[in-house]
Amino acid sequence: FAPLFETVREALSAESLLPRFGVGYVAAANAKLARTQDLRKLFSPAQIASLFEAEGGLVWLSEEITRDRTPELRRYLMQELDVDEVEPETILPLLNKSFLEAQSDRWVLKLYEFLSAQSALQYSWEGLPLVRLKDGTHVVAYVDEQPQAFLPGESETSFPTMRPTVCATKKARDFLRSLGLTEPDPVDDVIRNVLPRYRSNKVNVSNEDYAADIRRILAAFGTDSKDWRNKLLGALHATSFVMAVNAGDRSKWISKPGDIYLATERL
């Protein structure tokens, strides 16, 4: 039976004889098994060919070929014909910036909904540029503990904001919130837009601008959220933003809150 075995294997490898997902047949050399039905629905043949850099094209095999329904056939395909079975954790790390930016808003929304049900695989998408901004570019959610985008809120802001169409469903928003993304907040405004002015070696801020910045800090401090307030306080303690005067020579300084004293009458 060896000649028959070899002939069948060669035919299945090179000729379109294996049933594909949807309609038609495909050779084993251009086929992939999908671990879940959601993968087959989310990633089209053109997309998996792009992700796996397959010049000859790739398609999914029939959904009827599974570990439970056809274990021997599945084993034969994987061991004898070298057909890979793709799982969510194997395909997610392949989602690079150029691939994601080439996809439609509708597909990106479906990707977020798909990932919302894959919380156990969170490690697989850490560091990936999954977040789509208004201009269509993709960024990672956080860099150095700073959010690189915000969810669209009720009003326009100067923050880098996500495109509304890709976070229009509850599942998509739940996934994005799991990444740590939120709507813009006055605390974020202070941390991102106010405090960076005071972190350079030379600070040149007029009295009027400084007064306006202090008003923004006070407004942010009025938040009802303890977590947001603690986040603001942590950023303020680490920033030299307080205008001060040297009591000896009257020279002007800008200092961190913990390095100066209030000018009391006794002092």
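Refer to the structure above for everything that follows.
**Student:** Even after reading the chapter, I still don't get the overall build of the chain, so can you show me in this structure?
**Tutor:** In terms of helices and strands, the chain carries 12 helices and 11 strands. Computed over its C-alpha atoms, the radius of gyration of the chain comes to 28 Å, more than 25% above the 18 Å expected for a compact globule of 267 residues. On the principal axes, the C-alpha backbone points of the chain span a range of 105 × 35 × 30 Å. Evaluated residue by residue, the chain yields a buried proportion of 36% over its 267 residues. Accessible area for the chain stands at about 16200 Å²; split by element, carbon and sulfur atoms hold 51% of it. Put simply, the chain has 33 plus and 38 minus side-chain charges, and the middle of one group is 6 Å from the middle of the other.

**Student:** Help me understand the environment of Val245 in this model?
**Tutor:** With respect to the helices and strands, Val245 occurs in strand β10 (residues 242–245). Distance from Val245 to Phe99, taken between C-alpha atoms, is 54 Å for residues 146 residues apart in sequence.

**Student:** Help me understand the layout of surface pockets in this model?
**Tutor:** Leftover empty space is mapped by rolling, across the atoms, a probe with the size of a water molecule. Each pocket or cavity is described by its volume, and for the largest pocket that value is around 370 Å³. What lines the largest pocket is a set of 15 residues, among which Val245, Asn246, Ala247, Tyr261 and Ala263 lie closest to the centre. The set of elements that each furnish at least two residues to the lining of the largest pocket consists of β10 and β11 (252–255). By volume, the second largest pocket amounts to about 210 Å³.

**Student:** What should I look at first to understand helix α12 (residues 226–237) in this one?
**Tutor:** Given 3.6 residues to a turn, an α-helix orients residues that are three or four positions apart in the same direction. With 12 residues, α12 should reach 16 Å at 1.5 Å per residue; the first-to-last C-alpha distance of 16 Å fits that figure. Buried within α12 are the following residues: Trp228, Leu232, Ala235 and Leu236. Along the axis of α12, the buried residues cluster in a sector spanning 100 degrees; they form a single face. Looking at α12, the residues exposed on the side facing more than 90 degrees away from the buried face are Lys226, Asp227 and His237. Here the buried face of α12 lies against α10 (186–194) and α11 (207–221).

**Student:** How do you make sense of the pattern of salt bridges when you look at a structure like this?
**Tutor:** Two side chains that carry opposite charge are able to pair once their charged atoms sit near each other. Under the defined criterion, the tally for this structure stands at 13 salt bridges. A salt bridge links Arg9 to Glu80; the shortest N-O distance between them is 2.8 Å. Residue Arg9 is found in helix α1 (residues 2–14), and its partner Glu80 is found in the loop between α4 (71–79) and β5 (85–86); the two are separated by 71 residues along the sequence. Here Arg9 falls in the partly exposed class, since its relative accessible area comes to 22%. For Glu80, a relative accessible area of 30% gives the class partly exposed.

**Student:** Just to check I follow, could you spell out the packing of α11 against α12 for this structure?
**Tutor:** Packed helices, taken two at a time, are described by their axes: the angle between them and the distance between them. With their axes 9 Å apart at the nearest point, α11 and α12 run at an angle of 145 degrees to one another. Contacts between α11 and α12 involve Ile217, Ala220 and Phe221 from the former and Arg229, Leu232, Leu233 and Leu236 from the latter. Within the contact of α11 with α12, the residues separate by chemical class into six nonpolar, no polar and one charged.

**Student:** Mind showing me how you'd approach the pairing of strand β3 (residues 31–34) here?
**Tutor:** For a regular strand, the rule is simple: side chains alternate between the two faces of the sheet. Burial along β3 is two-sided: the residues Ala31 and Leu33 and Lys32 and Ala34 are all buried. Alignment of β3 against strand β4 (residues 59–60), held across two bridges, turns out to be parallel. Within β4, the position partnered with Lys32 by the bridge is Trp60. With two bridges joining them, β3 and β5 adopt parallel strand pairing. Each residue of the ladder has a partner; that of Leu33, found in β5, is Glu85.

**Student:** What is the right way to read the packing of aromatic side chains from this model?
**Tutor:** Aromatic ring pairs: the centre-centre distance and the angle between the two ring planes describe each pair. Evaluation of the coordinates by the stated rule reveals seven aromatic pairs. Between Phe43 and Trp107, the ring centres sit 5.6 Å apart and the planes meet at 70 degrees, which makes this aromatic pair edge-to-face. A residue pair is termed long-range when its members are at least 10 positions apart, and Phe43 in the loop between α2 (37–42) and α3 (45–51) and Trp107 in helix α7 (residues 105–116) qualify at 64 residues. Across the pair, Trp107 and Phe43 agree in class, each one buried. Ring plane angle 70 degrees and centroid distance 6.2 Å describe the contact between Tyr198 and Tyr210, whose orientation is recorded as edge-to-face. Of this pair, Tyr198 sits in the loop between α10 and α11 while Tyr210 is found in helix α11, placing the two residues 12 residues apart along the sequence. The residues Tyr198 and Tyr210 share a single accessibility class, namely buried. In this structure, Lys32 packs its charged tip against the face of Phe52, placed 4.4 Å from the ring centre. Directly above the ring of Phe21 sits Arg40, whose terminal nitrogen or CZ lies 6.0 Å from the centroid.

What counts and how
- Residues numbered from 1 in each chain as written.
- Predicted model: local features only at pLDDT ≥ 70, side-chain atom pairs only at ≥ 80, totals over all residues.
- Heavy atoms only, no water.
- Helix = DSSP H or I, 4+ residues; strand = E, 2+ residues; numbered from the N terminus.
- Rg over C-alpha atoms; globule rule 2.2 N^0.38 Å.
- Buried < 20%, exposed > 50% of the residue type's maximum accessible area, 1.4 Å probe, protein only.
- Areas by Shrake-Rupley, 256 points an atom, 1.4 Å probe, with all protein chains shown as cover.
- Lys, Arg positive; Asp, Glu negative; His and termini not counted.
- Charge placed at Lys NZ, Arg CZ, Asp CG, Glu CD.
- 1 Å grid on protein atoms, 1.4 Å probe; cavity = no way out; pocket = protein on both sides within 12 Å on 5 of 7 lines; lining within 4 Å.
- Points joined across faces, edges and corners; volume = space filled by probe spheres on them.
- Expected span 1.5 Å × (residues − 1).
- Arc of directions from axis to C-beta.
- Contact = heavy atoms within 4.5 Å.
- Salt bridge = Lys/Arg side-chain N within 4 Å of Asp/Glu carboxyl O.
- Axes fitted to C-alpha atoms, helices over the stretch in contact; angles between N-to-C directions.
- Nonpolar A, V, L, I, M, F, W, Y, C, P; charged D, E, K, R; others polar.
- Pairing = 2+ DSSP bridges.
- Phe/Tyr/Trp six-rings, centres within 6.5 Å; stacked < 30°, edge-to-face > 60°.
- Lys NZ or Arg CZ within 6 Å of the ring centre and 35° of its normal.

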